[in-house]
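# Secondary and tertiary structure notes
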Amino acid sequence: MTAHFASAADAARLDGKLLSMPFYIDTGLMFYRKDLLEKYGKQPPKTWDELTATAKEIQDAERKAGSPDIWGYSWQGRSYEGLTCDALEWIASAGGGTILSGDGEVTINNPQTEAALTRARGWIGTISPEGVLNYDEENSRALFESGNAVFHRNWPYVWGTSQAEGGKLVGKVGVSALPVGAEGQKSSGALGTAYLGVSKYSKKPELAAELLRYMVGAEDQKMRAIEGGYNPTVEALYEDADVLAKIPFLGMAKTAFEESVARPSAATGKNYNRVSRTFYRAVHDIISGKDDVAKELADLERRLERDVKAK
């Protein structure tokens with residue numbers, strides 16, 4: 001079978017059984033002003049602490065140089081599913097887990113999570129505008145593509161929008177995997193993969209499975225990458241010259257796809273939406289500075305345990 005990213009294939013398993021196959025992959029990525037990092041002699045940050053420091057240094061220098069509206073970091077802080085993704089990335093990359101363990105145990109209340117959320121809380125008003133607390137993907141992208149953010153977390157589509165003809169950032173954008181929160185951890189971008197499966201109600205399951213195998217295979221994934229810009233899940237295509245000519249950032253982002261983490265949908269099943277809503281609302285309260293981080297995490301743990309068991 002064609003070799004897909006393990007991160008994408010593993011997320012399609014439930015109780016060890018493969019239920020579907022990855023069709024194309026998305027994950028959280030870090031976009032950055034390549035020109036500004038070069039101007040100040042900086043490398044793309046490997047850790048969230050490095051990002052915090054680099055974003056503040058360049059932001060302050062650019063403001064002094066005559067760009068008063070620039071900010072260091074643009075991301076998604078609104079109380080919605082996007083914040084679940086962003087916060088999961090901070091927490092998982094710090095070694096704080098993925099909200100729940102694979103067997104459904106709530107793991108959110110730990111020192112690594114507290115440190116990650118405290119760091120993010122410190123971004124508000126320092127390297128990120130207060131308005132980030134109501135930003136979704138498009139609000140945060142608008143800030144970055146206007147030239148007023150040094151770093152920007154978003155999904156891979158931003159490469160295409162930021163490099164569209166006539167844009168302010170054409171030729172000025174770099175892409176990397178998200179930073180890590182603690183030594184020995186991985187990047188942990190939130191997985192956003194699309195999957196294909198065969199319905200149990202199919203009248204011709206063998207033919208459907210044959211079509212599925214073709215559509216998730218290297219040949220069709222290469223065609224869709226070149227013709228439609230879809231990020232393949234087949235690892236070998238990240239070294240394919242034709243694919244890289246069409247989507248050049250893929251070479252820079254391979255690590256991000258390899259190290260993606262899934263939201264805890266398998267562990268929560270039908271209760272995922274309830275769990276995610278409880279989580280992102282609590283995270284929003286924390287980063288808004290409405291309550292003590294440790295107290296909020298203890299309360300969140302209790303609420304999530306209730307949600308997981310809901311009928």
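The structure contained in this document is the topic of the report that follows.

In this section: unusual backbone geometry. Non-glycine residue Asp15 carries a positive phi angle of around 55 degrees. Position of Asp15 relative to the elements: it lies in the loop between strand E1 (13–14) and strand E2 (17–18). Positive phi, normally seen in glycine, also occurs at Ile99, with a value near 75 degrees. Positionally, Ile99 belongs in the loop between helix H4 (81–93) and helix H5 (111–123). Classification of Ile99 as buried rests on a relative accessible area of 3%.

Moving on, we come to the sheet that holds strand E5 (residues 71–74). Strand order in the open sheet formed by four strands is E5-E6-E4-E7, and the pairing between neighbours is mixed. For this open sheet the edge positions go to E5 and strand E7 (173–176), each flanked by a neighbour on one side alone. Looking at each pair of strands side by side, their axes are set apart by 15 degrees on average, direction ignored. As paired elements, strand E4 (residues 29–33) and strand E6 (residues 149–154) share four bridges and run antiparallel to each other. Counted as the bridge partner of Leu29 is Asn154 from E6. Along the sheet face, helix H3 (residues 48–64) touches E4, E5 and E6 and points at about 135 degrees away from the line of E5.

Together, Lys270, Arg274, Arg277, Arg281 and Lys311 make up a positively charged patch on the protein surface. Mapped onto the elements, Arg277 comes out in helix H13 (residues 272–287).

On to the pairing of E4. Most of E4 sits out of view: five of its five residues are buried. Residues Leu29, Phe31 and Arg33 of E4 are buried on one face, and the alternating residues Met30 and Tyr32, pointing to the opposite face, are buried as well. Inspection of the sheet shows E4 paired to E7 by four bridges, in the antiparallel sense. Bridging from a neighbouring strand, Tyr32 pairs with Gly174 of E7.

With that settled, the discussion passes to the environment of Lys203. When you line up the elements, Lys203 lands in the loop between strand E8 (194–196) and helix H8 (205–215). Here Lys203 falls in the exposed class, since its relative accessible area comes to 82%. C-alpha separation for the pair Lys203 and Glu62, spaced 141 residues apart in sequence, amounts to 63 Å.

To continue, consider the environment of Gln59. Following the sequence through the fold, Gln59 ends up in helix H3. Exposure remark for Gln59: the relative accessible area of 1% places this residue in the buried category. Each C-alpha atom, one on Gln59 and one on Gly72, is 5.1 Å from the other, the two residues being 13 residues apart in sequence. Ignoring anything within four residues of it in the chain, the contact list for Gln59 reads Ile70, Trp71, Gly72, Thr126, Ile127 and Val150. Of the polar contacts made by the side chain of Gln59, one reaches the backbone nitrogen of Gly72; its length is 2.9 Å.

Here the structure, examined in full by the defined rule, presents 13 aromatic pairs. Ring geometry for Phe5 against Tyr238: centres 5.0 Å apart, planes inclined by 70 degrees, an arrangement best described as edge-to-face. Of this pair, Phe5 sits in the segment before helix H1 (6–10) while Tyr238 sits in the loop between helix H9 (218–228) and helix H10 (241–246); the two residues are 233 residues apart in sequence, bridging distant segments of the chain. One exposure class covers both Phe5 and Tyr238, and it is buried. When the ring of Tyr73 is compared with that of Trp123, the centres are 5.3 Å apart and the planes differ by 90 degrees; the resulting orientation is edge-to-face. With Tyr73 in strand E5 and Trp123 in helix H5, this pair connects stretches of sequence that are 50 residues apart.

Calculation notes
Residues numbered from 1 in each chain as written. Predicted model: local features only at pLDDT ≥ 70, side-chain atom pairs only at ≥ 80, totals over all residues. Heavy atoms only, no water. Helix = DSSP H or I, 4+ residues; strand = E, 2+ residues; numbered from the N terminus. Buried < 20%, exposed > 50% of the residue type's maximum accessible area, 1.4 Å probe, protein only. Pairing = 2+ DSSP bridges. Axes fitted to C-alpha atoms, helices over the stretch in contact; angles between N-to-C directions. Contact = heavy atoms within 4.5 Å. Patch = residues over 30% accessible without salt bridge, like charges linked within 9 Å, V, L, I, M, F, W, Y side chains within 5 Å. Areas by Shrake-Rupley, 256 points an atom, 1.4 Å probe, with all protein chains shown as cover. Salt bridge = Lys/Arg side-chain N within 4 Å of Asp/Glu carboxyl O. Lys, Arg positive; Asp, Glu negative; His and termini not counted. Charge placed at Lys NZ, Arg CZ, Asp CG, Glu CD. Polar contact = N/O pair within 3.5 Å; in protein donor to acceptor, adjacent residues only side chain to side chain. Phe/Tyr/Trp six-rings, centres within 6.5 Å; stacked < 30°, edge-to-face > 60°.

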